[in-house]
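Each chain, written out:
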Protein chains: 2
Amino acid sequence: MKASTKIFGCIADPIDHVKAPSLFTQIFKEKNIDAVMIPINVSAINLEQFFSCIKSVNNFSGLTVTIPHKTKVLRYCDLLEKEANDTQSVNWIKIEKNKIIGTNFDGIGFTNGMKSNGFSISNKEFAIFGIGGAGSAICHSLLRNNVKKLKLINRNIEKLNNFVKKLNKLNYKTEILVDDFVNYDISNFDYVINATSLGLKENKDLIFDVKKTKLDATIIDIIMEPEETILIKEAKKYNRNYHLGKNMLTSQVDLAGKFFNLW
Amino acid sequence: MKASTKIFGCIADPIDHVKAPSLFTQIFKEKNIDAVMIPINVSAINLEQFFSCIKSVNNFSGLTVTIPHKTKVLRYCDLLEKEANDTQSVNWIKIEKNKIIGTNFDGIGFTNGMKSNGFSISNKEFAIFGIGGAGSAICHSLLRNNVKKLKLINRNIEKLNNFVKKLNKLNYKTEILVDDFVNYDISNFDYVINATSLGLKENKDLIFDVKKTKLDATIIDIIMEPEETILIKEAKKYNRNYHLGKNMLTSQVDLAGKFFNLW
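These figures come from a predicted structure and were not determined experimentally.

A.B. asks: Which residues make up the state of the cysteines, and what are the values?
C.D. replies: This structure, assessed with the given rule, holds one disulfide over all chains. One disulfide bridge connects C53 of chain A with C53 of chain B, the sulfur atoms lying 1.8 Å from each other. Between C53 of chain A and C53 of chain B the disulfide shows an S-S torsion of about 45°. By sign, it is right-handed. Residue C53 of chain A is located in the loop between α2 (47-51) and β3 (60-65), and its partner C53 of chain B is located in the loop between α2 (47-51) and β3 (60-65); the two belong to separate chains. A relative accessible area of 4% means that C53 of chain A is categorised as buried.

Now the structure itself:
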């Protein structure tokens, strides 16, 4: 740490599961960049207060935003990049010329993470549980990658229907389906994704029954703490292929570096 | 850096001379304490905005305050410890139970720093240039240490006279004198202190003429960037003893650790 060190933050609540501060601080070090990323624990009720003052810190360069703030921080941005506007969800913020600029790399981070691990995406069939900040970003990126079929499953039906209406207006070729949160059919999908917070940390709730997927399906979790979630354990138990949550974050490293003009 | 890392800050403007972030982050590491101190560059005009929101960050543990904010932050504290109230100047802040608590270790840090370097204080004669945040804290601590004589020299005469009135009310035995900022007599003092910001960083202005001190006087600077200021260079040139600014900070390490219940 030096007087000149640029400060980045990772804002979340709770904070104790976040991986970004250690990951990015380590990457800054390896790349010889004079910067750190600190954990910033702000409750939802204090978000407005927090954002009212981040411009006052001249050496504060930006933030990554995570659970539960991704959709709520939207209103505090002065400018939104396309990905943030499409998904109405923000996971990276930079402060430039006294403007708070929001973007979202969850979607492209997710699909890049799959590709760099050898999974093909276009023309494949996906089912996803959860359409919150991360889930909706993933859906947009899957549509942009021309998946064949996308089934959305969400506890809140009204929110789900509104989201589907929005996606349909975008005129992608993908067939978009919805299903019931309890009685879902995921028997014919190549990839089944958990984009909810079930399985985070101490939580042991399973979002879906892995046995209901086809034998060559790939089970994907976006939870990265623990690295091997209860869902991934189930996938292993029933011999399904799987893809870990941490890939969505590590594949955002390059994107974030470019966003902040760091590399 | 981890999700659980406690965040301390060092608030200043400009920021690029501050030593505390590297010093304290290193000390935390050596003591195996999961904490860092980050530089926080806030302009005076944005102080209110900054302090209006620091309570919103749950893992933000406290601050050290330096030039030019030491007197201005007083108004944002909910509670003041005796040293901060005496000097009307704050250089350490902690946030406890949603209260901002201010204290000031500059004075005791200064006198402790002298003592630990073998300088005796009581019954000695001191002259000090500058009665801002640090200077006034040093004066209070010198009085508490029963110095024989204390001469105060300050560009702003009205501020100086008010300060002397305040000191006299405290009924210490020390003889308190004032002198002119241009035509000063420092020929009979054991210690002559620079407590202004002259000599900081690129600034090459000399606060006083070292040749006007007695041959066995000790020249003391509170500036710590550069470590060897132009004043200290003059002291060396004219064979005066000297005491570096960094001692005031390093001797605050133990005090700060206790203030934050860290060690």
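A.B. asks: Give me the domain arrangement of chain A: which residues, what numbers.
C.D. replies: Residue and element names in this part refer to chain A. Entries for chain A in the domain assignment read domain 1 (6-104) and domain 2 (107-248). A C-alpha centroid distance of 25 Å is found between domain 1 and domain 2. The interface is formed by 12 residues belonging to domain 1 together with 13 residues belonging to domain 2. Taken together, both faces of the contact between domain 1 and domain 2 bury some 1,000 Å²; the carbon and sulfur share is 60%. In terms of surface lost to domain 2, no three residues of domain 1 exceed H17, K19 and D86, which account for 41% of the buried area on that side. Connecting domain 1 to domain 2 are three salt bridges. One salt bridge connects D86 with R144, and the closest N-O pair in it is separated by 3.5 Å.

A.B. asks: Can you tell me about the environment of A20 of chain B, naming the residues and giving the values?
C.D. replies: Residues and elements named next belong to chain B. Among the secondary structure elements, A20 is positioned in helix α1 (residues 20-30). A20 sits 18 residues away from I38 along the chain, and the two C-alpha atoms are 8.7 Å apart. Ignoring anything within four residues of it in the chain, the contact list for A20 reads C10, T25, M37, T64 and L249.

A.B. asks: Describe helix α4 (residues 106-116) of chain A, with residues and values.
C.D. replies: Given 3.6 residues to a turn, an α-helix orients residues that are three or four positions apart in the same direction. What α4 of chain A keeps buried is the set D106, G107, G109, F110, T111, G113 and M114 of chain A. Immediately beyond the C-terminal end of α4 of chain A, within one or two residues, lies G118 of chain A, with a positive phi of roughly 85°.

A.B. asks: Got a sec to walk through the interface of chain A and chain B? Specific residues and values, please.
C.D. replies: Opposite the 29 residues of chain A that make contact, chain B presents 29 residues. Counting each side, the surface lost to burial between chain A and chain B is near 2,200 Å², with a carbon and sulfur contribution of 60%. Three residues stand out in chain A for area buried against chain B, namely M1, A3 and S56 of chain A, and they jointly supply 27% of the buried area on that side. Connecting chain A to chain B are zero salt bridges. Elements supplying a minimum of two residues to the side of chain A that touches chain B: α1 (20-30), β2 (35-41) and α2 of chain A. Ranked by residue count, the leading element in the side of chain A that touches chain B is β2 of chain A, at six residues. Here the residues of the side of chain A that touches chain B sort into 15 nonpolar, 12 polar and two charged.

A.B. asks: Requested: an account of empty space enclosed by the protein, with residues and values cited.
C.D. replies: Under the criterion given, the structure shown has four cavities of 30 Å³ or more. In this structure, the largest cavity encloses a volume near 250 Å³. In this structure, the largest cavity is lined by 17 residues; those nearest its centre are F50 and V57 of chain A together with I40, F50 and V57 of chain B. Contributions of two or more residues to the lining of the largest cavity are made by β2 of chain A together with β2 (35-41) of chain B.

A.B. asks: Give me the relation of the copies chain A and chain B: which residues, what numbers.
C.D. replies: Mapping chain A onto chain B is achieved by rotating through 180° and translating by 0.0 Å along the same axis, at an RMSD of 0.0 Å. In short, the pair behaves as if placed about a two-fold rotation axis. Identified as the residue of chain A closest to the rotation axis by C-alpha distance is C53 of chain A, at 3.2 Å. Comparing interface residues between copies, 100% of those in chain A also sit at the interface in chain B, which points to an isologous, same-surface contact.

A.B. asks: So, the sheet that holds strand β4 (residues 79-80) of chain B: which residues are in play, and what are the values?
C.D. replies: Residues and elements named next belong to chain B. The mixed open sheet is built from six strands, whose spatial order is β2-β1-β3-β5-β6-β4. Strands at the two margins of the open sheet, each flanked by one partner only, are β2 and β4. Where β4 meets strand β6 (residues 99-103), two bridges bridge the pair, whose relative direction is parallel. What sits directly across from L79, in β6, is I101.

A.B. asks: Give me the nonpolar core: which residues, what numbers.
C.D. replies: If you look at the biggest cluster of nonpolar residues, it comprises 46 residues, and the most contacted ones within it are F51 of chain A together with F51 of chain B. Setting aside anything within four residues of it in sequence, one finds F51 of chain B in contact with I11, L63, V73, Y76, I93 and I100 of chain B.

A.B. asks: Can you lay out the pairing of strand β7 (residues 125-129) of chain B for me, pointing to particular residues and giving the numbers?
C.D. replies: Residue and element names in this part refer to chain B. For β7, a buried count of five out of five residues is recorded, marking the element as mostly surrounded by other parts of the structure. Side chains of β7 alternate between two faces, with E125, A127 and F129 and F126 and I128 buried alike. Bridging between β7 and strand β8 (residues 149-153) involves five bridges; their strand directions are parallel. Looking at β8, one finds that A127 is bridged to K151. In this view, the connection linking β7 to its parallel neighbour β8 by way of helix α5 (residues 133-144) has right-handed handedness. Relative to strand β10 (residues 191-194), β7 runs parallel, the two sharing four bridges. Within β10, the residue paired with I128 across the bridge is I193.

Criteria and cut-off values
- Residues numbered from 1 in each chain as written.
- Chains lettered and ligands numbered in written order.
- Predicted model: local features only at pLDDT ≥ 70, side-chain atom pairs only at ≥ 80, totals over all residues.
- Heavy atoms only, no water.
- Disulfide = S-S within 2.5 Å.
- Helix = DSSP H or I, 4+ residues; strand = E, 2+ residues; numbered from the N terminus.
- Buried < 20%, exposed > 50% of the residue type's maximum accessible area, 1.4 Å probe, protein only.
- Domains from an automatic or database assignment.
- Contact = heavy atoms within 4.5 Å.
- Buried area = accessible area lost by both parts, 1.4 Å probe.
- Salt bridge = Lys/Arg side-chain N within 4 Å of Asp/Glu carboxyl O.
- Nonpolar A, V, L, I, M, F, W, Y, C, P; charged D, E, K, R; others polar.
- 1 Å grid on protein atoms, 1.4 Å probe; cavity = no way out; pocket = protein on both sides within 12 Å on 5 of 7 lines; lining within 4 Å.
- Points joined across faces, edges and corners; volume = space filled by probe spheres on them.
- Least-squares fit on C-alpha atoms with pLDDT ≥ 70 in both.
- Pairing = 2+ DSSP bridges.
- Core = buried A, V, L, I, M, F, W, Y, C linked by side-chain atoms within 4.5 Å.
- Right-handed = clockwise from strand over helix to strand, strands pointing away.

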